[in-house]
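An overview of the molecular structure
One-letter residues, chain by chain:
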Amino acid sequence: MGLKIIENFDSSFTLELDAKQTLFSLLTSENFIQQITTQLPGKKLEFIELMFQPVPYSTETPKGMPKEFEKYHESTDYIIINVPPNFMFKAKIFKPSRLCVIYKITSN
């Protein structure tokens, strides 16, 4: 079985308003933020409401994300989180099947 080369991948998506509100509520919940900040002692997170669908790795997208989001990956001021599958289910988001979100890291 060989590898399938993907030349173009459409990473655009739209979320229903209710689904987006539910997802944002889960992503900004105090419990979830605390889980993330245990790995970042002395730091706080601010959800900046940016999200993207991961894309296949290629020469054009070596980080597995749309080009416009690579600046966040390269910065120490931001953290990219995979949205937990149970959050996707609770928000009734089935397409796309995976999302990543971006948080800004700030000091206490």
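Scroll up for the structure.
Let us look at the structure shown here. Quick caveat: nothing in here was measured; it's all calculated off a predicted structure.

Considerations on the overall build of the chain
Within the chain one finds 4 helices and 3 strands. The secondary structure elements of the chain, listed N-terminal to C-terminal, are α-α-β-α-β-α-β. Counting every position in the chain, which comprises 108 residues, the buried fraction comes to 36%. In the chain, once contacts between residues fewer than 6 apart in sequence are set aside, the share between residues at least 24 apart is 64%. A total of about 7,700 Å² of accessible surface is found on the chain, and carbon and sulfur atoms cover 51% of it.

Looking at unusual backbone geometry
Cis geometry marks the peptide bond from Lys-95 to Pro-96, where omega comes out at 0°. Along the chain, Pro-96 falls in the loop between helix H4 (85-90) and strand S3 (100-107). You will see that Glu-49, though not glycine, has its phi angle at about 60°, which is positive. One non-glycine residue with positive phi stands out, namely Lys-92, at about 60°. Position of Lys-92 relative to the elements: it lies in the loop between H4 and S3. The class for Lys-92 is exposed, based on a relative accessible area of 65%.

As for the nonpolar core
Counting 23 residues, the largest nonpolar core has Leu-23, Leu-27, Val-83, Val-101 and Tyr-103 as the members making the most contacts within it. Elements supplying a minimum of two residues to this core: helix H1 (17-27), helix H2 (30-37), strand S1 (43-52), H4 and S3. Looking at which element gives the most residues to this core, the answer is H1, with 5 residues. Apart from residues no more than four positions distant in its own chain, Val-101 is found in contact with Leu-27, Phe-47, Leu-50, Met-51, Ile-79, Ile-80, Ile-81 and Val-83. Phe-52, Met-65, Cys-100 and Ile-102 belong to the second-largest nonpolar core, a separate cluster that totals 6 residues.

A short note on the side chain of Thr-61
Along the chain, Thr-61 falls in the loop between S1 and helix H3 (70-74). For Thr-61, the side chain forms a polar contact with the main-chain oxygen of Pro-56, separated by 2.8 Å.

Conventions used here
- Residues numbered from 1 in each chain as written.
- Predicted model: local features only at pLDDT ≥ 70, side-chain atom pairs only at ≥ 80, totals over all residues.
- Heavy atoms only, no water.
- Helix = DSSP H or I, 4+ residues; strand = E, 2+ residues; numbered from the N terminus.
- Buried < 20%, exposed > 50% of the residue type's maximum accessible area, 1.4 Å probe, protein only.
- Contact = heavy atoms within 4.5 Å.
- Areas by Shrake-Rupley, 256 points an atom, 1.4 Å probe, with all protein chains shown as cover.
- Core = buried A, V, L, I, M, F, W, Y, C linked by side-chain atoms within 4.5 Å.
- Polar contact = N/O pair within 3.5 Å; in protein donor to acceptor, adjacent residues only side chain to side chain.

Read these as layout, nothing more, since geometry by itself doesn't imply function.
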